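Tertiary structure, described
Listed below, chain by chain, are the residues.
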Amino acid sequence: MGIVYVYRRAHFSASHRLFDQALSDEQNAEIFGACSNPNGHGHNYYIEVCVAGMPAAKTGFVIDLKKVKKILEEKFLDKVDHKNLNVDVDFMKGINPTTENIAVAAWKQIASHISEGKLYSVRIYETENNFVEYRGD
Ligand code: NI
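Residues numbered from 1 in each chain as written. Predicted model: local features only at pLDDT ≥ 70, side-chain atom pairs only at ≥ 80, totals over all residues. Heavy atoms only, no water.

Turning to the pairing of strand β2 (residues 41-53), a few remarks are in order. Along β2, ten of the 13 residues are buried, which leaves the element largely enclosed by surrounding structure. Pairing of strand β1 (residues 4-16) with β2 involves 13 bridges; the strand directions are antiparallel. Its bridge partner being in β2, Arg 9 is matched across the sheet by Glu 48. Relative to strand β4 (residues 118-125), β2 runs antiparallel, the two sharing seven bridges. Bridged to Cys 50 within β4 is Ser 121. (Buried < 20%, exposed > 50% of the residue type's maximum accessible area, 1.4 Å probe, protein only. Helix = DSSP H or I, 4+ residues; strand = E, 2+ residues; numbered from the N terminus. Pairing = 2+ DSSP bridges.)

Given below as structure tokens:
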């Protein structure tokens, strides 16, 4: 039997500004476009976490998705939903909140709490068509 991949998807809304402190507003606008608006802007994000493993003989679960839901809420969603990612979120301090960096930060928040199976990937959707997947370390 091969590996089974189970997914949990969730939504959050957050604001951000992408910028490099060493650059002017004009230079930042050139690199980051609308996402570098000096006063920020919002996105309706989605996160998808995937846990890989073998279904346990007793339960048939790789991991109970209720557990994944709770970890995702407590370790990530409660900290980012309706927040400004540049200033409100302790684990994003000093990190430019690109979709890539949010995915890496979400992985770090969640990975060690997955008690069955193994965290396989974290996807962050910034828009319907732009998304990033991180597969950890
Ligand atoms: Ni943006």
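The structure having been displayed, the exposition proceeds.
Right, let's talk about the pattern of salt bridges for a bit. Scanning the entire structure with this criterion turns up eight salt bridges. The shortest N-O distance in the salt bridge between Arg 17 and Asp 25 comes to 3.1 Å. Judged by its relative accessible area of 12%, Arg 17 falls in the buried class. The salt bridge involving Glu 133 is made with Arg 123; its shortest N-O contact spans 2.9 Å. (Salt bridge = Lys/Arg side-chain N within 4 Å of Asp/Glu carboxyl O.)

This paragraph deals with the pairing of strand β5 (residues 131-134). Relative to β5, β4 is paired through four bridges, and the arrangement is antiparallel. Directly across from Arg 123, in β5, lies its bridge partner Glu 133. The turn joining β4 and β5, which pair antiparallel and follow one another in sequence, is formed by five residues.

Turning our attention to the coordination of the nickel ion. Distances from the nickel ion to its protein donors, namely His 16 (NE2), Cys 35 (SG), His 41 (NE2) and His 43 (NE2), fall within the range 2.0 to 2.1 Å. In this structure, the nickel ion is coordinated by four donor atoms arranged in tetrahedral fashion, with angles at the metal of 94 to 125 degrees. Each donor residue of the nickel ion belongs to the same chain, with the gaps between them written as H-x18-C-x5-H-x1-H. Considered together, His 41 and His 43 belong to a single accessibility category, that of buried residues. (Donors = N, O, S within 2.8 Å, 3.2 Å for Na, K, Ca; no water. Tetrahedral: all angles 85-135°; square planar, octahedral: opposite > 155°, others 65-115°.)

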